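Examination of the molecular architecture
Chain residues, written in single-letter form:
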Amino acid sequence: MSAGKISSQAMRSLGRYRLRASLMMLGIVVGIASLAVLSSLGEATKRETMQRFKNMIGTFDTIIVRPGGGRTRGMPTLVNVPPTLRFEDAKAIASELPEIKAVAEVQNAFDIDIKYRDRSSSPAVFGVSPNWLALRSEDVADGIFFSAEQNDSLTRVAVLGLDVRNQLFSSEDALGKAIRIADVPFQVIGLLKSRGAGPAGASLDNVVLIPINTASRRLFNRDFLTMLIAQVRNPERSDEATARVTALLRERHHIQPPALDDFTITNPAVTAAQVARAGGTLTKILTGVSVMALLIGGIVIMSLMSVAVSERRKEIGVRRAVGAARSDVVQQFLLEAIFIALAGGIAGVVIGWGGMQLVTRLQQLPPILIWQPFAVAIGLSLAVGMTSGLYPAWKASRVDPIQALRS
Amino acid sequence: MIEAQRISKTFVRGESGSVEALKNVSLRIAPGEFVVVRGASGSGKSTLLDILGCLDPPTRGSYRLDGEDVARYDDKQLSRLRNAKIGFIFQSFNLLPRTTALENVEIPMVYRQGKVDRKKALAALERVGLAARASHFATELSGGEQQRVAVARALINSPALILADEPTGNLDLNSGREVMRLLCDLHTEGHTILLVTHDDAVAAYGSREILLRDGLVVSDEVRAGTPAGGGL
């Protein structure tokens, strides 16, 4: 009659056939556990990828302009870019376009020899404009960052990343010390905060920052930029800003259609999202596999339960004789299937949760607390239980009580 | 109580034609009667019991149980009727395996309004002298005990009619006697009982005896003075 009483009968039936019930659960447990692990791992990886991009770029409200048209690969440096992007371009973008809040100029090179007494290191050296830290809303860990005056007067000062500091100074105090960058003497005035790993997993702390004018005239002797980073005023409308920057640079570089741009503009937020999505392909395939496992789990429930119906004909006959309508029998068997799938789902979630903690620890991902995949998993097992219970329940309701009771 | 008029039941047996298990059987049973239906196997007595028990509709004829015209009832209404008005006792006991005596007795209460009343189930077990065995599984009980649990189950919803199908058929003499004694007590208390058997000794307990042969009622006689001792 009432659903409560029928469900209690369903529960008791499952209790009576514990072994069978746990067998029926198995497929669901495996399916749900792997599904939960994979989907939350996929989500975690995605977040981690975005975070690493953010580590590298600083903020997502910027667009990056590099010299050279077409698709450029890897990090631009002074040795691999054409000398087309000028200081004046950066100044023009900053002053003429209202969409742009600030522009940072960059001139960088890799593997530059740096020495402090007998110790050496070969980090990336970045000549950057003094607004660099502010644009990335960062701060130094210790000391100070160089000022606009120091940049204008070509002062030889350097701010060190954590890795460089550790290599050159280990436990010694670095501030105020003199180092040699490609044999040019510089004074250490500040230390950067650690930025962790970039998208490729390499450390972002193996870096030295110096004023860009000093870099241009006293170190590299180059008067073009490897990169400029423009901070847009309204990140929602970065496409518009990109178009404006493109138009301005084409005009300044005297490029007429159909000639292509001699620069490339990328939007880090978009790129990061693409990379994160690409990384999800494997996860998607594996998720498909666990959905298959879940389906098989459903089929297992259906077939074992159909066999059980044949075995339990007498019970069904008794229930019918003492007053169970066909619909009551349907309800009981459906509920049994649902309870099994739900129990399997919950067990799967518990195991999946444990497995996820283990994997994140092994993969050295930050610990994640994502509940959505687990909610979806529970909902899925509910649906599987309902579908797989339909046929056995129908079959049970068709048992003829007269034959069942006399056999 | 029971008013069956010109009931027929035809079973279709594949291509070889059909079998008429009951032919125009008319039957009136008053409240408080203890009716024994006898007949050889194949005489139609089981079919009659199934129809009277609302498990199987007649092919033709009308059937009123306790004033309700059952003919047009659907599955749900019939189930409700069985639950409220009929208590079944079967030859093979038909207790649920891996289930305690008490839980077996409770099952009819699952399918009626209200709660499953454990105290009531215990009282019913007490009534058949098995209160001490309440938590035993069906398989741990002797045949006689199992049948007494089945009697308690048949009684639990206070049915108007108790239908017993060869209740002693699978029991030894002593257990059979105990079960019959129980049924006689219930009769004395006012229950209406219809019992199907082919056993003369069991038939002797009834206050009225109907004999079926080939789907027809061939005799229907009321006995003067119920022999409470019966023939067992």
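From a predicted model like this one, the values you see are computed outputs, not experimental measurements. (Residues numbered from 1 in each chain as written. Chains lettered and ligands numbered in written order. Predicted model: local features only at pLDDT ≥ 70, side-chain atom pairs only at ≥ 80, totals over all residues.)

Once that is clear, we can look at the packing of helix α1 (residues 3-16) of chain A against helix α11 (residues 326-362) of chain A. Residues and elements named next belong to chain A. Close contact between α1 and α11 brings their axes to 9 Å; oriented N to C, the two are set at 55°. What the angle tells us is that α1 and α11 run oblique. Remark: the crossing between α1 and α11 carries right-handed chirality. Within the contact between the two elements, α1 uses Ile6, Ser7, Gln9, Ala10, Met11, Ser13 and Leu14 and α11 uses Asp328, Gln331, Gln332, Leu335, Glu336, Phe339 and Ile340. Its residues placed into classes, the contact of α1 with α11 shows seven nonpolar, five polar and two charged. (Axes fitted to C-alpha atoms, helices over the stretch in contact; angles between N-to-C directions. Helix = DSSP H or I, 4+ residues; strand = E, 2+ residues; numbered from the N terminus. Parallel < 35°, antiparallel > 145°, perpendicular 65-115°, else oblique. Left-handed = near helix turned anticlockwise from the far one by under 90°. Contact = placed C-beta atoms within 7 Å. Nonpolar A, V, L, I, M, F, W, Y, C, P; charged D, E, K, R; others polar.)

Glancing now at the sheet that holds strand β10 (residues 216-222) of chain B. In a beta sheet, neighbouring strands are held together by backbone hydrogen bonds and run either parallel or antiparallel to one another. Residue and element names in this part refer to chain B. Read from one edge of the open sheet, six strands run β6-β7-β8-β3-β9-β10, paired in mixed fashion. Only two strands of the sheet have a single neighbouring strand rather than two, namely β6 (86-89) and β10. Taking each pair of neighbouring strands and ignoring which way they run, the sheet shows an average axis angle of 15°. Looking at chain direction, strand β9 (residues 208-213) and β10 are connected through six bridges and run antiparallel. Along β10, the bridge assignment pairs glutamate 209 with glutamate 221. The strands touched by helix α6 (residues 173-188) are β3 (34-38), β7 (161-165) and β8 (192-197); relative to β8, the strand with the most contacts, the crossing angle is about 150°. (Pairing = 2+ DSSP bridges.)

What follows covers the interface of chain B and chain A. Each side of the interface is counted separately: chain B has 22 residues, and chain A has 19 residues. Elements that contribute at least two residues to the side of chain B that touches chain A include exactly α2 (75-85) and α3 (101-110) of chain B. The dominant element in the side of chain B that touches chain A, judged by the number of residues it contributes, is α2 of chain B, at six residues. Residues that form the side of chain B that touches chain A fall into these classes: nine nonpolar, five polar and eight charged.

Next up on the list: unusual backbone geometry. Residues apart from glycine generally show negative phi values, whereas peptide bonds are mostly found in trans. Of the consecutive residues proline 257 of chain A and proline 258 of chain A, the connecting peptide bond is found in the cis state with omega at 5°. Despite not being glycine, cysteine 54 of chain B has its phi angle at roughly 60°, a positive value. Counting through the fold element by element, cysteine 54 of chain B comes out in the loop between α1 (45-52) and β4 (60-65). What makes cysteine 54 of chain B buried here is the crowd of 23 C-beta atoms within 10 Å. Within the chain, arginine 98 of chain B stands out as a residue other than glycine whose phi angle is a positive 55°. (Buried ≥ 20, exposed ≤ 12 C-beta atoms within 10 Å, placed from the backbone.)

With that settled, consider the pairing of strand β7 (residues 157-160) of chain A. All names here are of chain A. Of the two faces of β7, the one carrying Val157 and Val159 and the one carrying Ala158 and Leu160 are both buried. Judged from the four bridges that link them, β7 and strand β9 (residues 184-192) form a sheet pairing that is parallel. When the sheet's bridge partners are listed, valine 159 is paired in β9 with glycine 190. With two bridges connecting them, β7 and strand β10 (residues 207-211) associate as antiparallel partners. Looking at β10, one finds that valine 159 is bridged to leucine 209.

What follows covers the domain arrangement of chain A. Domain assignment breaks chain A into domain 1 (3-53 + 273-406) and domain 2 (69-261). Measuring from the centre of the C-alpha atoms in domain 1 of chain A to the corresponding centre in domain 2 of chain A gives 55 Å. (Domains from an automatic or database assignment.)

A separate point is the environment of valine 218 of chain B. All names here are of chain B. Following the sequence through the fold, valine 218 ends up in strand β10. When the C-alpha atoms of valine 218 and asparagine 174 are compared, they prove to be 32 Å apart, with 44 residues separating the residues in sequence. Setting aside residues no more than four positions away along its own chain, valine 218 makes contact with Leu211, Leu212 and Arg213.

Another point: the confidence of the model for chain B. Mean pLDDT over chain B works out to 91, with 96% of the residues at or above the 70 mark. On the interface metric, ipTM, the complex scores 0.94, and its pTM is 0.72. (pLDDT = per-residue confidence, 0-100.)

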